[in-house]
Amino acid sequence: MTDLLVSDTTTDTETGTTATGTAAEALAAPGTTAPAVPFRSIHSHLTQRALRLQPTSTAVRAAYNEAPFTPIPAVTEAIASAAAGLNLYPEGIGTLEAKLAAHHGVEDLGEGCVVVSPGSGFMLHNLAIATCDPGDEVMFGWRSFDAYFNAAATAGAKAVAVPVLDSGALQLEAMAEAITDRTRLIVLCTPNNPSGAPLMHADVLDFLAKVPSNVLVVLDDAYGEYATAEGVVDGFALAAQFPNVAVLKTFSKFFGLAGLRLGYLIARPEITTGIRRISLLSGVSTLAVQAGLACLEPASVAEYEERRRVTLAERTRIESTLVDQGFTIYPSQANFILIDLGEKSDDFAAFSAANGVIIRSYGEDGARYSIMLPEVNDLFLEITEKWQVEQA
Ligand SMILES: Cc1ncc(COP(=O)(O)O)c(C=O)c1O
C-alpha cells in the first residue's frame, strides 16, 4: 500500500482524513500559534473537501465502523437510572473491571488485569505515555487505525508505520526487522482496520519470539468479536504466555456504544498497574460504568450475540454480492468491508454519499463500507450496482 512512514507529526483520527496539510502541521509543530479556527472545524472542512461529499440530510453514515443497532433497553435503562446520581463521582469501576475479567475468562492473569478508560483510543495515548520517552518509537502497520499516529505524538515518540501486505494484512516479518533499540510499543491491529485482515495465532507467536521483552506488544482487538476464521489470534492466550503482551478492547463496536466512550486493556497486573498510575482520575463516567455493567448481564450478552449473527450474515451477503457485481474486495473478518477501487476510491465515496450512503475513502487504498442493517446494506448494494453500470 504505502511506503514506510516515520513521522513525529500528528494525523487525524478515525473520524477524519489523514491530514498532512498545513493546518495539521501548524497544530502539531511545537511553539507555533494555533490557528484561530477551532480544530474541529478544520477537521470537518478537510473531511468534506477531501471526499467531496455532498451528503443530503437523509444520507446514512456507514463510515466509522459504528454498530448500526441502537443501544439495548437494558443499557438505556441503566443509564437513565444512573443519571439521578450524577452529583457524585463515579463508583463501581473496580466491579466493572472484575466483571470484564470474568466475562473474558482472564482472571488467571492476576487481580487487576483489566483497566478501563474513556474509549480504547484514549488507552492508546496512555500506552504511549507509559512506555515512551520523547524520541522512542511506536510501531504499527500501515494502513491501519489513524489514531496510532496521535498516540505516538502524545508521548513525543516517533511513529514507525510499516506497510501492510497487498492483502491488507500486517507484515509481521518486516515489523520484526524494523525493531530498533528505541522501539517501546508495537500495536498490532487485528482484524486490521481498514482491510479487515486478521492475524493468525501461529504467525503472532513467531513474531513475539523476535520481540525484545522490554517492548510492549498490544493487540488492538476492537473488532475481535467479528473474527471467526479458524486460527485467528487468541490475544488472551498470548497475554497469559508473554509478560509483554496486552489486549486492547472497546465497548464501541460489538457492544455498539461508541458514543459512551468506554474501552479497556487486558494484561498482567504489572502492566495495568503502570497504566493506572498515569490514568485520568475518574476518567470513566458513572453512565459508562453502569452501562458497561448492564452489557455484561447474560441476557444482554445473548442480545449482542444475536446482533453479531446479523452482522456476520450481512458480511457474507455483501461480500458475495460485491464480488458478483465485479468488485475486488479485501475479505473481511470485521464489521466493515474495504473495496479495492484504486484511484477511483474518492469518486466512488462521493458517488455513494450523493446517493445516500456516506462511506470512507482511503484515497488509492480503497473505500470502506461499515456494515449496517439489512435495508441500508440493500441501498448500498444498489449504489454499487449503479456505479458499475455507469463505469461500464
Ligand atoms: C482499530 C481500532 N481501535 C480502536 C478504535 C477506537 O475505539 P474507541 O471508540 O474505543 O476509542 C477504533 C475506532 O474506530 C479502531 O478502529
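As a reminder, the structure under discussion sits directly above these lines.
Remember, predicted model here, so these are calculated numbers, not experimental data.

Asks: Hey, could you run me through the overall build of the chain in this one?
Replies: For the chain, the count of helices and strands is 14 helices and 14 strands. Counting every position in the chain, which comprises 392 residues, the buried fraction comes to 45%. Counting only contacts in the chain whose residues sit at least 6 apart along the sequence, the fraction spanning at least 24 positions is 73%.

Asks: Please clarify how the pairing of strand β11 (residues 336-340) should be interpreted in this entry.
Replies: Most of β11 sits out of view: 4 of its 5 residues are buried. Two elements, strand β10 (residues 328-330) and β11, share 3 bridges in a ladder whose sense is antiparallel. Bridge pairing links Ile329 to Ile339 in β11. In this structure, the hairpin formed by β10 and β11 is closed by a connection of 5 residues.

Asks: Can you walk me through the nonpolar core in this structure?
Replies: Most often, soluble globular proteins have nonpolar side chains that are buried together. Of all hydrophobic cores here, the largest spans 108 residues; its most connected members are Ala128, Val138, Tyr148, Ala152, Ala246 and Ile266. In contact with Val138, other than residues within four places in its own chain, are Ala128, Cys132, Tyr148, Ala151, Ala152, Ala157, Ala159, Val160, Arg184, Leu185 and Val187.

Asks: What should I look at first to understand the site of the ligand in this one?
Replies: Neighbouring residues of the ligand: 14 residues in total, closest Gly119, Ser120, Gly121, Thr250 and Ser252. Across the shell around the ligand, the residue classes break down as 4 nonpolar, 8 polar and 2 charged.

Asks: Honestly, the environment of Ala153 in this entry has me stumped. Any pointers?
Replies: Tracing the chain through its elements places Ala153 in helix α6 (residues 147-154). Overall, the presence of 20 C-beta atoms within 10 Å leaves Ala153 in the buried class. Spatially, the C-alpha atoms of Ala153 and His125 are 8.8 Å apart, while their sequence positions differ by 28 residues.

Asks: Honestly, the packing of helix α12 (residues 298-324) against helix α14 (residues 374-391) in this entry has me stumped. Any pointers?
Replies: Pairs of packed helices are described in terms of their axes, by the angle between the two and the distance that separates them. Where α12 meets α14, the axes come as close as 11 Å, and the angle between the chain directions of the two elements is 10°. By the angle between their directions, the pair α12 and α14 is classed as roughly parallel. Contacts between α12 and α14 involve Glu314, Ile318, Thr321 and Leu322 from the first element and Pro374, Asn377, Leu381 and Thr384 from the second. Of the residues in the contact of α12 with α14, the class split is 4 nonpolar, 3 polar and 1 charged.

Asks: How should helix α5 (residues 120-131) be read in this particular structure?
Replies: Quick reminder: α-helices carry 3.6 residues per turn. Residues three or four places apart thus point the same way. Under the 1.5 Å per step criterion, the end-to-end length of α5 is 16 Å for 12 residues, consistent within 8% with the ideal 16 Å. The buried count for α5 comes to 10 of 12 residues, which makes it a mostly enclosed element. Ser120, Gly121, Phe122, Met123, Leu124, His125, Asn126, Leu127, Ala128 and Thr131 are the residues of α5 that are buried.

Asks: Explanation requested: the packing of helix α4 (residues 93-104) against helix α11 (residues 286-295) in the structure shown.
Replies: The geometry of α4 relative to α11 is characterised by a closest axis approach of 10 Å and an angle of 30° between their N-to-C directions. Accordingly, the angle class assigned to the pair α4 and α11 is roughly parallel. The hand of the α4/α11 crossing is left-handed. Only Val289, Gly292 and Leu293 of α11 make contact with α4, whose side of the interface consists of Ile93, Thr95, Leu96 and Lys99. Of the residues assigned to the contact of α4 with α11, the class counts are 4 nonpolar, 2 polar and 1 charged.

Asks: Sorry if this is basic, but what is going on with the environment of Ile339 here?
Replies: Assignment of secondary structure puts Ile339 in strand β11. Between the C-alpha atoms of Ile339 and Arg368, which are 29 residues apart in sequence, the distance is 6.1 Å. Every residue in contact with Ile339, bar those within four places of it in the chain, is listed here: Leu322, Phe327, Ile329, Gly366, Ala367 and Tyr369.

Asks: Just checking my understanding: could you explain the environment of Leu293 for this structure?
Replies: Examined against the element boundaries, Leu293 turns out to sit in helix α11. For Leu293, a count of 19 C-beta atoms within 10 Å corresponds to the partly exposed category. Along the primary structure Leu293 and Ala74 are separated by 219 residues, whereas in three dimensions their C-alpha atoms are 9.9 Å apart. For Leu293, the residues in contact, after removing those within four places along its chain, are Ala78, Gly92, Thr95, Leu96 and Lys99.

Asks: How should I be thinking about the sheet that holds strand β14 (residues 367-370) in this particular structure?
Replies: If you trace the 4 strands from one edge of the open sheet to the other, you get β10-β11-β14-β13, paired in antiparallel fashion. Each of the sheet's edge strands pairs with one partner strand only, and the pair in question is β10 and β13 (360-361). As defined by bridge partners, β13 adjoins β14 across 2 bridges and the pair is classed as antiparallel. Residue pairing for β14: Ser361 is matched across the bridge by Ala367. Helix-sheet contacts for α12 involve β10 and β11, and the interaxial angle to β11 is about 10°.

Asks: So what exactly am I meant to see when it comes to unusual backbone geometry here?
Replies: A negative phi holds for most residues other than glycine; trans holds for most peptide bonds. Cis geometry is found at the peptide bond from Thr190 to Pro191, where omega equals -5°. Tracing the chain through its elements places Pro191 in the loop between β6 (183-189) and α8 (201-209). Between Asn193 and Pro194 the backbone carries a cis peptide bond, its omega angle lying at 20°. Within the secondary structure, Pro194 is located in the loop between β6 and α8.

Asks: Would you explain the pairing of β6 in this entry?
Replies: Remark: a regular strand shows side chains that alternate across the two faces of the sheet. Along β6, 7 of the 7 residues are buried, which leaves the element largely enclosed by surrounding structure. Where strand β4 (residues 137-142) meets β6, 4 bridges bridge the pair, whose relative direction is parallel. Across the sheet, the residue bridging to Met139 is Ile186, located in β6. For the crossover that starts at β6, traverses α8 and ends in the parallel strand β7 (residues 216-220), the hand is right-handed.

Reading guide: rules and limits
Residues numbered from 1 in each chain as written. Predicted model: local features only at pLDDT ≥ 70, side-chain atom pairs only at ≥ 80, totals over all residues. Helix = DSSP H or I, 4+ residues; strand = E, 2+ residues; numbered from the N terminus. Buried ≥ 20, exposed ≤ 12 C-beta atoms within 10 Å, placed from the backbone. Contact = placed C-beta atoms within 7 Å. Pairing = 2+ DSSP bridges. Core = buried A, V, L, I, M, F, W, Y, C linked by C-beta atoms within 7 Å. Near = placed C-beta within 6 Å. Nonpolar A, V, L, I, M, F, W, Y, C, P; charged D, E, K, R; others polar. Axes fitted to C-alpha atoms, helices over the stretch in contact; angles between N-to-C directions. Parallel < 35°, antiparallel > 145°, perpendicular 65-115°, else oblique. Expected span 1.5 Å × (residues − 1). Left-handed = near helix turned anticlockwise from the far one by under 90°. Right-handed = clockwise from strand over helix to strand, strands pointing away.

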